[in-house]
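# Remarks on the overall topology
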Amino acid sequence: QVQLVESGGGLVQAGGSLRLSCAASGRTFSSYIMGWFRQAPGKEREFVAAISRSGGNTYYADSVKGRFTISRDNAKNTVYLQMNSLKPEDTAVYYCAADRGLVIAATTTGYDYWGQGTQVTVSS
């Protein structure tokens, strides 16, 4: 089992940047595919980005491609989400998630463990 704790959220103006971090407990972090999701008020949780165990493969939602970058440091048990050129529509609670499976998934059902979330608010 793994516990996930997100940090780095906050209030930023449109066009600005934020870097989210997700620290994982345990000694098997490198065995998990890691993902970021977000949920805006009144909307379903949606996929943002995911990264393979080694970090060699990444996958992004079309809405964030070219603006967000997911990365991981297996030595630090941490996954990151660098968010640039932020837009008001990026406002949401951002969650990191861990997947024990073999293939990167873009659906919430594909992930086994979740963090508590961190709020990102982008003002216009």
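A few words on the packing of aromatic side chains. Inspection of every chain in the model, using the stated rule, returns six aromatic pairs. Where F37 meets Y111, the ring centres are 5.1 Å apart and the plane angle is 80°; that geometry is what we call edge-to-face. Separated by 74 residues along the polypeptide, F37 in strand β4 (residues 33-39) and Y111 in the loop between β9 (92-99) and β10 (113-114) bring together distant segments of the chain. According to the relative accessible area criterion, Y111 is buried, its value standing at 5%. Here the aromatic residues F37, F47, Y59, Y111 and W114 are joined through ring pairs into a cluster of three or more. Looking at R45, its charged tip hangs above the ring of Y95, at a distance of 3.6 Å from the centre.

Turning our attention to the sheet that holds strand β7 (residues 68-73). Spatial strand order, β1-β3-β8-β7: four strands in an open sheet with antiparallel pairing. One side of each edge strand has no neighbouring strand; the edge strands of this open sheet are β1 (4-7) and β7. Taken over all neighbouring pairs, the strand axes of this sheet differ in orientation by 15° on average, direction set aside.

Core analysis: the largest hydrophobic core is formed by 37 residues, its most contacted members being L4, M34, W36, L81, M83 and Y94. Among the secondary structure elements, those contributing two or more residues to this core are β3 (18-24), β4, β5 (46-51), β7, β8 (78-83), β9 and β11 (118-123). When near neighbours in sequence (up to four residues on either side) are disregarded, M34 contacts L4, C22, F29, A49, A50, I51, I70, R72, V79, A97, A98 and Y111.

A separate point is the environment of S71. Summarising the element assignment, S71 is placed in strand β7. Of the residues examined, S71 reaches a relative accessible area of 29% and is grouped as partly exposed. C-alpha of S71 to C-alpha of S52: the two residues are 19 residues apart in sequence and 9.4 Å apart in space. Contacts of S71, omitting those with residues within four sequence positions, involve I51, V79 and Y80.

Further remarks concern the state of the cysteines. Linking two cysteines covalently via their sulfur atoms produces the bond known as a disulfide. Summed over the entire model, instances satisfying the criterion amount to one disulfide. Disulfide pairing is shown between C22 and C96; the S-S distance is 1.9 Å. Placement of the pair is C22 in strand β3 and C96 in strand β9, with a sequence separation of 74 residues. By the burial criterion, C22 is buried, and C96 matches it.

Thresholds applied
Residues numbered from 1 in each chain as written. Predicted model: local features only at pLDDT ≥ 70, side-chain atom pairs only at ≥ 80, totals over all residues. Heavy atoms only, no water. Phe/Tyr/Trp six-rings, centres within 6.5 Å; stacked < 30°, edge-to-face > 60°. Helix = DSSP H or I, 4+ residues; strand = E, 2+ residues; numbered from the N terminus. Buried < 20%, exposed > 50% of the residue type's maximum accessible area, 1.4 Å probe, protein only. Lys NZ or Arg CZ within 6 Å of the ring centre and 35° of its normal. Pairing = 2+ DSSP bridges. Axes fitted to C-alpha atoms, helices over the stretch in contact; angles between N-to-C directions. Core = buried A, V, L, I, M, F, W, Y, C linked by side-chain atoms within 4.5 Å. Contact = heavy atoms within 4.5 Å. Disulfide = S-S within 2.5 Å.

Treat this as a map of the structure, not an account of what it does.
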